[in-house]
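# Chains, contacts and geometry: an overview
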Amino acid sequence: MAFARDQWYVAAYDSEVGRDLLARTVLGEPLVLYRTGAGEAVALADRCVHRRYPLSESRLDGDTIVCGYHGFTYDPTGACVFVPGQQRIPRTARVASYPVVEQDSFVWVWIGDRDRADPAAIPRAPWLADPRYAVVRDMAPLNARYELLVDNLMDLSHETYLHGGYIGTPEVASTPITTEVDEERGIVYVSRHMDDAECPPFYARSTGIQGRITRWQDIEYHPPCLYLLHSRIAPRGVLPPAEGADSEAFHAEIVYAITPSTAHTTYNFWAVARDFAIDDESVGEYLYNSNRTVVTQDVTALDILERVIAAEPADRQELSINIDTGGLAARRLLARMVGSGTVGVPR
Amino acid sequence: MAFARDQWYVAAYDSEVGRDLLARTVLGEPLVLYRTGAGEAVALADRCVHRRYPLSESRLDGDTIVCGYHGFTYDPTGACVFVPGQQRIPRTARVASYPVVEQDSFVWVWIGDRDRADPAAIPRAPWLADPRYAVVRDMAPLNARYELLVDNLMDLSHETYLHGGYIGTPEVASTPITTEVDEERGIVYVSRHMDDAECPPFYARSTGIQGRITRWQDIEYHPPCLYLLHSRIAPRGVLPPAEGADSEAFHAEIVYAITPSTAHTTYNFWAVARDFAIDDESVGEYLYNSNRTVVTQDVTALDILERVIAAEPADRQELSINIDTGGLAARRLLARMVGSGTVGVPR
Amino acid sequence: MAFARDQWYVAAYDSEVGRDLLARTVLGEPLVLYRTGAGEAVALADRCVHRRYPLSESRLDGDTIVCGYHGFTYDPTGACVFVPGQQRIPRTARVASYPVVEQDSFVWVWIGDRDRADPAAIPRAPWLADPRYAVVRDMAPLNARYELLVDNLMDLSHETYLHGGYIGTPEVASTPITTEVDEERGIVYVSRHMDDAECPPFYARSTGIQGRITRWQDIEYHPPCLYLLHSRIAPRGVLPPAEGADSEAFHAEIVYAITPSTAHTTYNFWAVARDFAIDDESVGEYLYNSNRTVVTQDVTALDILERVIAAEPADRQELSINIDTGGLAARRLLARMVGSGTVGVPR
């Protein structure tokens, strides 16, 4: 396993970054995040140049970080502006700073060669910051390598077995998928359109639909980090109109940001944006609790799987079938990214 | 260290295997055990062929196991009979099944080449399923390599020091042993006959004998897994008659099944079968509690020793004396077994 | 990293060694310490020659240790005087004994070649056993390599940042140091004389001084184990007289014994001896609690730093400045000691 460097990754939600120091490790690189008095998000290497003490264990003084061990002080660019016991500040006293972009409620950081960082390349999840949608969200850390979460999300047939009673029904596992890969833009699409399906509690209780449904799951995975699931729920037989708004259907935009932390740990940012009942807090609370339960089921299963795989030889046998087409395509694109960027060796 | 494959090992007590899935790791191989509706014990490899998810984290559907991640379904032979999203089941979709024999209240599994599995080769412990005996038993997992438990049980002089106040008295350590090895059948015999010994509480309270005793300890070790201690307790001077039943003595058949789990963990199945006070539940309760205490003393000591040994070089120095004759013979037979079978590399 | 062998190390306070067995690991060598009936401190290798069981898990019988597993018995010289089941004691049955010297309330042990052990080479900390001083002391184990504690103590500018509110004031970080190395005797001296400094609570409350102070910190480090901080506190402007006692000042002799346990753990013996308020128990209690808090702050920081450094390559970058002169000199002397003695490989 290796990480894809020279890529944008979600390090935090915007609301997590403030005037307290936040430690996050992305692709094995320890970061400290904070916000200046003017509100700008900053990401610096989380190690003092002096004796490697984590700056996240320290404190802010205005817009600077004062190392909690010996007081080496850094400005938001990473430059050291004070050292103890002497006036002269060594020229090399500087910690790395990381390009940061806030977009769609995420704080994206660029891991790799700064000169290659292009904010326009960051994939979008506009529903998360769109007033026409109501959003519930959280972050669940995994003690598992990020590939396991990619596998998990690319193959939703597991909903039937791991998430029965929440979002899984028999039709998810039994309905074939179609998979497409946009090689140029580097996107994997997986679609499963269920025309006559049981409505799982997750949608029955939140939409109020009674009886069977038309349920569409359209996945877009933008490796390495952003995963979108466009979920369309409508009474059975109700298809989108040829023109105009799809107003008889309910839409949930389910977003995951999958950020490798270390070789065996992953940040799992998840959000559910809905275009229905957006002012009904009880629906929001229900969807938050339900999806948190679903995510916890995934975390539990993937943490188990990590321990299994970590104990096995790297060339262990797997058996892939049709449902894995999307996951295998994702693995291929990820491997290509690892190959083309600066290759990182996970710690 | 290596494991002896192509051998029978106790994976569970018969009562542990039922309609719930039981996970056990034997010689580093993860197994899932269950019982079919018809009552037959089944042992399969505990890893789904698809993505290596543990089947023991799943559920039974009739006699089949349905993987809890994506629903791959296996029959008791290990054949896959269902996969999600498609009708065709890949020919190679099969998990290993293990030969299983239920005997003497144990569930024995064969680890190695199926074609070499001979149920007649399983050593016997008939007292555990004989109505003329009352049995107390349990299983204590060790965080220690199995050789340490073999060493421990082959040299009972430790009873005096580690188990004083329970089963140890000064005579155990001071009385010389005789050791014999049946090279052909692969059995080690160690005997210690104490003619005039203090009666430890374990036997004083359970038999009611007052005063000093004749105490015989006759060990039979059938490597790798089965250890028998024939314990004969009688008033001092009472020897077995030349003919007929030894009815003036009390007999305890103490059985251990020693099953390597991983390179550094071991299952320690222990049972005490007695031919006296077999209907007296208070004696059973007393012997259960006492032996559990004794086993816990061993587990504590061996877990300490494992940490010591794991931190030392493999060629550490030991000093063996007469009391170790049986243990050294056991080590030699085990090494021979490792050499003759398929050699397993512990994980 | 390697350890400096052929050196004296503090294994315990004298009061810790008594008629109970005390386990300590010094330079990776497991020791068991106890005191004979006549009061002599004994240090033996903490592993029975038979099966490597820790003797510290055993018990004393008079002046001998009886192994808790099989009863092998050792006298204070390490000679085996009893084995179970036979009269003959093997000639090689002996555990290593370590030269021990009790001095200045410490139990020093020699790790290395016995023939090179010279008690006269042990550095002194006489205040710890001098009735003209009152002493508070304790031991705080670190989950960090000992070099980190040496670094910490050689550069007291960290007091300002890590120990603000206890012993740190701005002047500690801002006042330059002078460093001297006695190459022949192998001692590092670091001095910081603050002529006009804020009085930290540690000294304000214990001495009763009001207002600003003259504060001298004079460090003597005797690698590898003994660190002395001569702390002189006086009202601002009060210097020692040209002749006679320095009776207008308060003196605290702060002593650390820094003993490597394993490659990643360290014993941190600390003591504060004062020549003022020696009969005032409330001052002693206050200084004990304050210094324990300060030491805990160091332990917390160094344990964090150990995890940081253990995850990084050995050739990680550091940036040293003037304040590090003493620490770098200490590292150099330690490296020389490692080079000249028998080099130990930490486990």
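A quick note: this is a predicted structure, and the numbers were derived from the prediction, not measured.

Here we come to the overall build of chain A. A count of helical and extended segments in chain A gives six helices and 19 strands. In terms of C-alpha radius of gyration, chain A reaches 22 Å, essentially the compact-globule figure of 20 Å for 347 residues. Projected onto the principal axes, the alpha-carbon positions of chain A cover approximately 75 × 50 × 35 Å. Looking at chain A as a whole, 61% of its 347 residues qualify as buried. Summarising the internal contacts of chain A: among those between residues at least 6 apart in sequence, 59% fall at separations of at least 24. Element-wise, carbon and sulfur atoms account for 48% of the exposed surface of chain A, whose accessible area totals about 14100 Å². Side chains of chain A carry 32 positive and 48 negative charges; the gap between the two charge centres is 8 Å.

The next point concerns the pattern of salt bridges. Scanning the model with the defined rule gives 75 salt bridges over all chains in all. Residue A:Asp196 is joined to A:Arg236 by a salt bridge in which the shortest nitrogen-to-oxygen separation is 3.5 Å. Separated by 40 residues along the polypeptide, A:Asp196 in strand E14 (residues 187-197) and A:Arg236 in the loop between strand E16 (226-235) and strand E17 (250-262) bring together distant segments of the chain. Measuring nitrogen to oxygen at the nearest pair gives 3.9 Å for the salt bridge that ties C:Asp182 to C:Arg185. C:Asp182 gets classed as partly exposed once you look at its relative accessible area, which sits at 22%. Through salt bridges with shared partners, one network takes in A:Arg51, C:Asp151, C:Glu318, C:Asp324 and C:Arg331.

Rotating chain B by 120° about the axis while translating it 0.1 Å along that axis superimposes it on chain A, leaving an RMSD of 0.0 Å. In short, the pair behaves as if placed about a three-fold rotation axis.

Here we come to a negative patch on the surface. All names here are of chain A. Residues Asp279, Asp280, Glu281 and Glu285 make up a contiguous surface patch of negative charge. Checked against the element boundaries, aspartate 279 lands in the loop between strand E18 (265-274) and helix H5 (281-310). By relative accessible area, aspartate 279 is classed as exposed at 73%.

All right, on to the state of the cysteines then. All names here are of chain B. For the structure on display, the rule yields zero disulfides over all chains. In this structure cysteine 67 is a free cysteine whose sulfur lies 4.0 Å from that of cysteine 48, the closest cysteine sulfur available. Residue cysteine 67 is classed as buried on the basis of its relative accessible area of 2%.

This part covers the side chain of C:Arg5. Take C:Arg5: it is sitting in the loop between strand E1 (3-4) and strand E2 (7-13). For C:Arg5, the side chain forms a polar contact with the side chain of C:Glu29, separated by 2.5 Å.

Counting buried positions along helix H1 (residues 146-154) of chain C gives eight out of nine residues, so the element sits mostly inside the fold. For H1(C), the full list of buried residues reads C:Tyr146, C:Leu148, C:Leu149, C:Val150, C:Asp151, C:Asn152, C:Leu153 and C:Met154.

Residues annotated in UniProt with the feature "domain: Rieske" (unreviewed entry) correspond here to residues 8-109 of chain A. Helix and strand shares over residues 8-109 of chain A are 0% and 41% respectively, and the end C-alpha atoms of the span are 6 Å apart.

Another point: unusual backbone geometry. Here the residue pair B:Pro223 and B:Pro224 is connected by a cis peptide bond, since its omega of 5° sits within 30 degrees of zero. With respect to the element layout, B:Pro224 can be found in the loop between strand E15 (213-222) and strand E16 (226-235). One non-glycine residue, C:Asp104, lies in the positive phi region at around 55°. The topology assignment puts C:Asp104 in the loop between strand E10 (100-103) and strand E11 (106-111). Assessed through its relative accessible area of 7%, C:Asp104 is described here as buried. At C:Ala277, a position not held by glycine, the phi torsion is positive, near 50°. Relative to the helices and strands, C:Ala277 resides in the loop between strand E18 (265-274) and helix H5 (281-310). Since its relative accessible area comes to 30%, C:Ala277 is described here as partly exposed.

Listed by partner, the interface residues are 24 residues for chain A and 28 residues for chain C. Close ionic contact of A:Arg51 with C:Asp324 constitutes a salt bridge, the shortest N to O distance being 3.4 Å. Residues of the side of chain A that touches chain C, tallied by class, amount to twelve nonpolar, seven polar and five charged.

Moving on, we get to the interface of chain B and chain A. Across the boundary between the two partners, chain B contributes 24 residues, which contact 28 residues of chain A. With both chains or domains summed, chain B and chain A bury close to 2100 Å², and 58% of this area falls on carbon and sulfur atoms. Contact with chain A buries surface across chain B, with B:Arg51, B:Arg52 and B:Tyr69 losing the most and accounting together for 35% of the total. Residue B:Arg51 is joined to A:Glu318 by a salt bridge in which the shortest nitrogen-to-oxygen separation is 3.4 Å. Viewed at the interface, chain A and chain B are joined by eleven residue pairs in polar contact (both at pLDDT 80 or more). Considering only residue class, the side of chain B that touches chain A consists of twelve nonpolar, seven polar and five charged.

Our focus in this paragraph is the packing of aromatic side chains. Taken as a whole, this structure holds 34 aromatic pairs over all chains when the rule is applied. Between C:Tyr227 and C:Tyr256 the ring centres are 5.7 Å apart and the planes differ by 75°, which places this aromatic pair in the edge-to-face class. Of this pair, C:Tyr227 sits in strand E16 (residues 226-235) while C:Tyr256 is found in strand E17 (residues 250-262), placing the two residues 29 residues apart along the sequence. Ring pairing ties together the aromatic residues A:Tyr13, A:Phe106, A:Trp108, A:Tyr267 and A:Phe269, which thus form one cluster. B:Arg137 extends its terminal NZ or CZ atom over the ring of B:Tyr13, reaching a point 4.1 Å from the ring centre.

This paragraph deals with the packing of helix H1 (residues 146-154) of chain A against H5(A). All names here are of chain A. For the pair H1 and H5, the least separation of the axes is 10 Å and the interaxial angle reads 130°. One way to sum up the angle between H1 and H5 is to call them oblique. As for how H1 packs across H5, the hand of that crossing is right-handed. Residues Leu148, Leu149 and Asn152 of H1 touch H5, and the partners they reach there are Asp298, Leu302, Leu305, Glu306 and Ile309.

Before going further, it helps to examine the environment of B:Gly37. Residues and elements named next belong to chain B. With respect to the helices and strands, the residue glycine 37 is situated in the loop between strand E4 (29-35) and strand E5 (41-45). For glycine 37, a relative accessible area of 60% gives the class exposed. Separated by 26 residues in the primary sequence, glycine 37 and aspartate 63 have C-alpha atoms spaced 6.3 Å apart.

Here we take up the sheet that holds strand E10 (residues 100-103) of chain A. All names here are of chain A. Taken in spatial order, the three strands line up as E2-E11-E10 in an open sheet, and their pairing is antiparallel. The outermost strands of the open sheet, each flanked by one partner alone, are strand E2 (7-13) and E10. Adjacent strand axes in the sheet meet at a mean angle of 35°, parallel and antiparallel pairs treated alike. Pairing geometry for E10 and strand E11 (residues 106-111), over four bridges, is antiparallel. Counted as the bridge partner of glutamine 103 is phenylalanine 106 from E11.

Next up on the list: the pairing of strand E15 (residues 213-222) of chain C. Residue and element names in this part refer to chain C. Most of E15 sits inside the fold, with ten of its ten residues counted as buried. Residues Ile213, Arg215, Gln217, Ile219 and Tyr221 line one face of E15 and the alternating positions Thr214, Trp216, Asp218, Glu220 and His222 line the opposite face, and both faces are buried. Inspection of the sheet shows strand E14 (residues 187-197) paired to E15 by eight bridges, in the antiparallel sense. Residue pairing in the sheet places methionine 194 in a bridge with arginine 215 of E15.

Okay, the sheet that holds strand E8 (residues 73-74) of chain B next. What links the strands of a sheet is backbone hydrogen bonding, and the strands pair in either a parallel or an antiparallel sense. Residues and elements named next belong to chain B. Within the open sheet, the four strands sit side by side as E6-E7-E8-E9. Their pairing is antiparallel. The sheet terminates laterally at strand E6 (59-61) and strand E9 (80-82), the two strands that pair on one side only. Both E6 and strand E7 (residues 64-66) contribute to a ladder of three bridges, which runs antiparallel. Bridging across to E7, arginine 59 finds its partner in valine 66.

Residues and elements named next belong to chain A. On average, residues of chain A score 95 in pLDDT, and 97% of them are at 70 or above. The model gives residues 342-347 a pLDDT under 50, and that stretch makes 17 contacts with residues more than four places away or in other chains. Our summary of model confidence lists the complex with pTM equal to 0.93 and ipTM equal to 0.93.

Rules behind the numbers
- Counting restarts for each chain: residues are numbered from 1 in the order of the written sequence.
- Working convention: letters from A go to chains and numbers from 1 go to ligands, in the order in which they are written.
- Predicted model: local features are reported for residues with pLDDT of at least 70 only, side-chain atom pairs are reported and counted for 80 or more only, and whole-chain, interface and lining totals are derived from all residues.
- As a convention, hydrogens and water are excluded, and side-chain values are obtained from all of the structure's heavy atoms.
- Per the convention used, a helix needs a DSSP run of H or I reaching at least four residues, while a strand needs a run of E reaching at least two, with both numbered from the N terminus.
- When we talk radius of gyration, it's over C-alpha atoms, and the globule rule is simply 2.2 Å times the number of residues to the 0.38.
- The classification of residues rests on relative accessible area computed with a 1.4 Å probe and restricted to protein chains. Under 20% of the type maximum is buried, over 50% is exposed, and intermediate values are partly exposed.
- Residues are treated as being in contact if the distance between any of their heavy atoms lies within 4.5 Å.
- Computed by Shrake-Rupley with a 1.4 Å probe, the accessible areas treat only the displayed protein chains as cover when residues are assessed.
- In summary, the charge assignment counts Lys and Arg as positive and Asp and Glu as negative, without counting His or the chain termini.
- Working definition for charges: the position is that of NZ of Lys, CZ of Arg, CG of Asp or CD of Glu.
- Note on definitions: salt bridges are taken to be side-chain nitrogens of Lys or Arg within 4 Å of carboxyl oxygens of Asp or Glu.
- Only residues with pLDDT of at least 70 in both copies contribute their C-alpha atoms to the least-squares superposition of the copies.
- Within the patch definition used here, like charges are joined within 9 Å and nonpolar side chains (Val, Leu, Ile, Met, Phe, Trp, Tyr) within 5 Å, considering only residues with over 30% relative accessible area and no salt bridge.
- Note that a disulfide, as used here, is simply two cysteine sulfur atoms within 2.5 Å.
- Polar contact is defined as a pair of N or O atoms within 3.5 Å, subject to the rule that within protein one atom must be able to donate a hydrogen and the other to accept it, and that residues adjacent in sequence are counted only when both atoms are side-chain atoms.
- UniProt positions are given in the numbering used here, feature names are shortened, and annotations may be inferred rather than shown by experiment.
- Throughout this entry, Asp, Glu, Lys and Arg are counted as charged residues, while Ala, Val, Leu, Ile, Met, Phe, Trp, Tyr, Cys and Pro are counted as nonpolar. The remaining residues, Gly among them, count as polar.
- Put simply, buried area is how much 1.4 Å-probe accessible surface two parts lose in total, over both of them, once they are put together.
- Stacked, tilted and edge-to-face are the three classes applied to pairs of Phe, Tyr and Trp rings, where Trp contributes its six-membered ring and a pair requires centres within 6.5 Å; stacked means planes under 30 degrees apart, edge-to-face means over 60, and tilted covers the rest.
- Distance and angle both matter: a charge sits over a ring if NZ of Lys or CZ of Arg is within 6 Å of the ring centre and within 35 degrees of the ring normal.
- Geometry is summarised by axes, namely lines fitted to C-alpha atoms with helices restricted to the contacting stretch, and by angles between N-to-C directions that run from 0 to 180 degrees.
- What sets the label is the angle itself: under 35 degrees gives roughly parallel, over 145 gives roughly antiparallel, 65 to 115 gives roughly perpendicular, and the rest give oblique.
- Left-handed is the label given to a crossing in which the near helix is rotated counterclockwise from the far helix by less than a right angle, and right-handed is the label when the rotation is clockwise.
- For two strands to be treated as a pair, DSSP must find no fewer than two bridges joining them.
- For every residue, the pLDDT score states the predictor's confidence, bounded by 0 at the bottom and 100 at the top.

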